[in-house]
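For reference, the chains in residue letters:
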Amino acid sequence: MKIAIMGLGTIGGGVEILLRGRPDISVKRIFTRHIPAEYAALDSSLETILQDPEIDTVVETLGGVEPVHTWLCEAIRAGKNVVTANKAVVAAHYRELAELAAEHGAAFRFSAAVGGGIPWLTGLEQIKRADKIDALGGIMNATCNLILSRMIRNGRTLAEALAEAQAEGYAERDPSADIDGLDARRKLLISANTAFDCVLPEESVPAFGIRHLQPEDLEAAAVWHCTVRLSNRAFREEDGRIRILTAPVFVPLDDPEATVWDCGNRLWCQAARGGLYSFGGIGAGRFSTAQSVVQDLLDIKEKTPERPVFYQKGFAPAVPDNRGWMTRWYVRGAAGSCITEWRDTAEFVQEIQARPAAGEPVFTALIVCPSALPGGSRTSGTAAPAAPAAAPPRA
Ligand SMILES: NC(=O)c1ccc[n+]([C@@H]2O[C@H](COP(=O)([O-])OP(=O)(O)OC[C@H]3O[C@@H](n4cnc5c(N)ncnc54)[C@H](OP(=O)(O)O)[C@@H]3O)[C@@H](O)[C@H]2O)c1
């Protein structure tokens with residue numbers, strides 16, 4: 001198998017190192033902005049790669065949505081399989097890329113896009129072959145988890161913890177995608193698409209981040225024997241409706257999510273018959289992520305053309321519906337903080353999303369164990385939560 005790597009940075013460079021000396025897969029060409037001298041012989045334009053009939057698979061580790069989306073479409077049309085670690089382009093253009101790949105008999109794989117080296121998407125794909133996945137979620141953004149860890153364990157402010165993460169290479173210069181929950185949302189979306197065989201539009205999934213988190217919010221969580229994590233949740237109802245959101249959560253201290261520190265990820269899914277499955281590990285990093293890319297290459301090498309499109313059989317468009325999902329929240333805005341009564345999640349999200357637009361910074365966190373709070377039991381007349389806000393069932 002001869003491949004080309006597009007983007008020789010942290011992950012692309014890791015893939016090249018892992019493949020060195022392998023008899024079964026070799027890197028024939030590299031397309032990147034600044035090619036190191038040792039790779040000069042492999043330096044290629046995009047056109048050369050697409051026109052080279054020996055190259056059957058392109059590894060994309062450039063990052064971002066455009067021009068990568070355009071380039072991936074060109075590669076698929078040229079008959080190349082695509083393996084990418086890029087969650088931004090997968091979340092934004094999943095349906096188009098997957099359908100194009102199916103049309104051209106090409107593979108389209110992105111195991112590294114969620115959970116780095118953790119076999120999460122492949123795990124979902126395997127579980128749903130034999131069972132039905134009803135729910136999934138967990139901690140999927142390593143950068144925010146590192147920032148929260150530094151705030152909780154080392155008493156840093158968010159600005160201090162973010163600056164440290166940037167200096168250590170864990171956070172981008174523009175940290176918006178991480179601290180506004182957008183990166184976590186992309187990973188949730190890709191996971192839900194995979195598990196529920198659907199295609200959700202990125203903007204339709206509500207996302208709250210940790211941008212406005214203050215030490216007093218951590219103290220408020222501690223009062224209820226909780227800590228704070230940025231976590232994802234998606235549920236599929238019996239009638240097919242999908243409940244989904246990305247948000248900080250007040251996690252009870254004895255919940256497995258509370259034990260995830262630094263760059264750790266913890267991902268879980270709930271299957272109809274098999275119950276809870278959980279996955280954990282380091283959710284980013286050169287060689288763990290590059291290893292996932294190499295696994296995709298090996299799967300393509302061994303299985304094409306029997307499984308030309310990865311993970312999903314169908315690409316039915318879906319729209320999340322959080323109406324009737326009753327949840328409780330911690331909210332701190334200009335007027336102070338409170339814990340809400342049971343709220344319809346769709347209405348609550350709409351209300352909170354309007355407040356920053358009106359100039360009010362708000363931090364809000366989902367409470368995943370509301371029964372522990374005063375007035376926690378649902379009063380009669382309150383609609384039962386169709387998809388409970390509880391933490392995943394313990395194994
Ligand atoms: N890092 C991780 O732990 C991790 C984990 C999971 C997934 N990912 C994903 O993997 C992808 C790559 O991440 P990374 O950390 O390897 O990024 P990176 O270190 O910045 O590498 C990107 C490489 O692509 C090159 N590049 C970017 N845009 C280009 C363009 N328009 N033309 C030519 N070359 C271009 C860059 O060149 P310059 O350096 O010259 O700009 C760099 O060599 C991203 O989608 C990321 O989300 C990363």
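Conventions adopted
Residues numbered from 1 in each chain as written. Predicted model: local features only at pLDDT ≥ 70, side-chain atom pairs only at ≥ 80, totals over all residues. Helix = DSSP H or I, 4+ residues; strand = E, 2+ residues; numbered from the N terminus. Rg over C-alpha atoms; globule rule 2.2 N^0.38 Å. Buried ≥ 20, exposed ≤ 12 C-beta atoms within 10 Å, placed from the backbone. Contact = placed C-beta atoms within 7 Å. Pairing = 2+ DSSP bridges. Axes fitted to C-alpha atoms, helices over the stretch in contact; angles between N-to-C directions. Near = placed C-beta within 6 Å. Domains from an automatic or database assignment. Core = buried A, V, L, I, M, F, W, Y, C linked by C-beta atoms within 7 Å. Expected span 1.5 Å × (residues − 1). Parallel < 35°, antiparallel > 145°, perpendicular 65-115°, else oblique. Left-handed = near helix turned anticlockwise from the far one by under 90°. Nonpolar A, V, L, I, M, F, W, Y, C, P; charged D, E, K, R; others polar.

Next up on the list: the overall build of the chain. Of the regular secondary structure elements, the chain holds 12 helices and 17 strands. Against the compact-globule benchmark of 21 Å for 395 residues, the chain has a radius of gyration of 22 Å, which places it among compact chains. Judged by the C-alpha coordinates and their principal axes, the chain covers about 65 × 45 × 40 Å. In the chain, buried positions account for 47% of the 395 residues. In the chain, of all internal contacts separated by at least 6 residues, the share reaching a separation of at least 24 is 72%.

Most of strand β8 (residues 226-236) sits inside the fold, with 11 of its 11 residues counted as buried. Alternating residues of β8 divide into C226, V228, L230, N232, A234 and R236 and T227, R229, S231, R233 and F235, and every residue in both groups is buried. Pairing of β8 with strand β9 (residues 242-252) involves 11 bridges; the strand directions are antiparallel. The residue of β9 that forms the bridge with S231 is A247. In sequence, β8 turns back onto β9 through a hairpin of five residues, with G240 there showing a positive phi of about 95°.

This brings us to the sheet that holds β9. Pairing within the open sheet is mixed, and its eight strands lie in the order β11-β10-β6-β8-β9-β17-β14-β15. Where the open sheet ends on each side, the last strands, each with one partner, are β11 (275-282) and β15 (336-339). Strand after strand, the sheet turns through a mean of 25° between neighbouring axes, direction not considered. As paired strands, strand β14 (residues 329-333) and strand β17 (residues 363-367) are joined by four bridges and run antiparallel to one another. Across the sheet, Y330 pairs through a bridge with A365, a residue of β17. The strands that helix α9 (residues 182-196) touches are β6 (133-139), β8, β9 and β10 (264-271); relative to β9, the one it contacts most, it runs at about 125°.

Another aspect to go through is the site of the ligand. For the ligand, the set of nearby residues contains 20 residues, the closest of which are G7, G9, G63, N86 and A284. Per-element accounting of the shell around the ligand gives the leading share, three residues, to helix α1 (residues 10-19).

When cut into domains, the chain gives domain 1 (2-109) and domain 2 (135-283 + 320-395). Taking only C-alpha atoms, the centre of domain 1 and the centre of domain 2 are 33 Å apart. Between domain 1 and domain 2, the residue contacts involve seven residues of the former and seven residues of the latter.

Bringing unusual backbone geometry into the picture now. Residue P67 is bonded to the preceding E66 through a cis peptide linkage, with omega at 5°. Secondary-structure assignment places P67 in the loop between β3 (55-60) and α3 (68-77). Phi angles above zero are rare outside glycine, and D262 is one such case at about 55°. Mapping D262 onto the fold places it in the loop between β9 and β10. You can call D262 partly exposed: it has 14 C-beta atoms within 10 Å.

A few words now on the sheet that holds strand β2 (residues 26-31). Read across the open sheet, the five strands follow the order β2-β1-β3-β4-β5; overall the sheet is parallel. Edge positions in the sheet fall to β2 and β5 (108-109), since each has one partner strand and no second.

Within the largest apolar cluster, 115 residues are counted, with the highest numbers of intra-cluster contacts made by I147, A192, F250 and V293. The element best represented in this core is helix α4 (residues 87-103), accounting for nine residues. Each of two domains, domain 1 (2-109) and domain 2 (135-283 + 320-395), supplies a minimum of three residues to this core. Look past the residues within four positions of V293 in its chain and what remains in contact with it is I11, V15, V59, V83, A85 and A112.

Bringing α9 into the picture now. Here α9 is 15 residues long and its end C-alpha atoms lie 20 Å apart, about the 21 Å a rise of 1.5 Å per residue gives. Here α9 lies mainly inside the structure; 14 of its 15 residues are buried.

To continue, consider the packing of helix α5 (residues 120-130) against α9. The geometry of α5 relative to α9 is characterised by a closest axis approach of 9 Å and an angle of 20° between their N-to-C directions. Comparing their axes, α9 and α5 come out roughly parallel. As for how α5 packs across α9, the hand of that crossing is right-handed. Between α5 and α9, the contacting residues are L121, L124, E125 and K128 on the first element and S191, T194 and A195 on the second. Looking at the contact of α5 with α9 residue by residue, the classes come out as three nonpolar, two polar and two charged.

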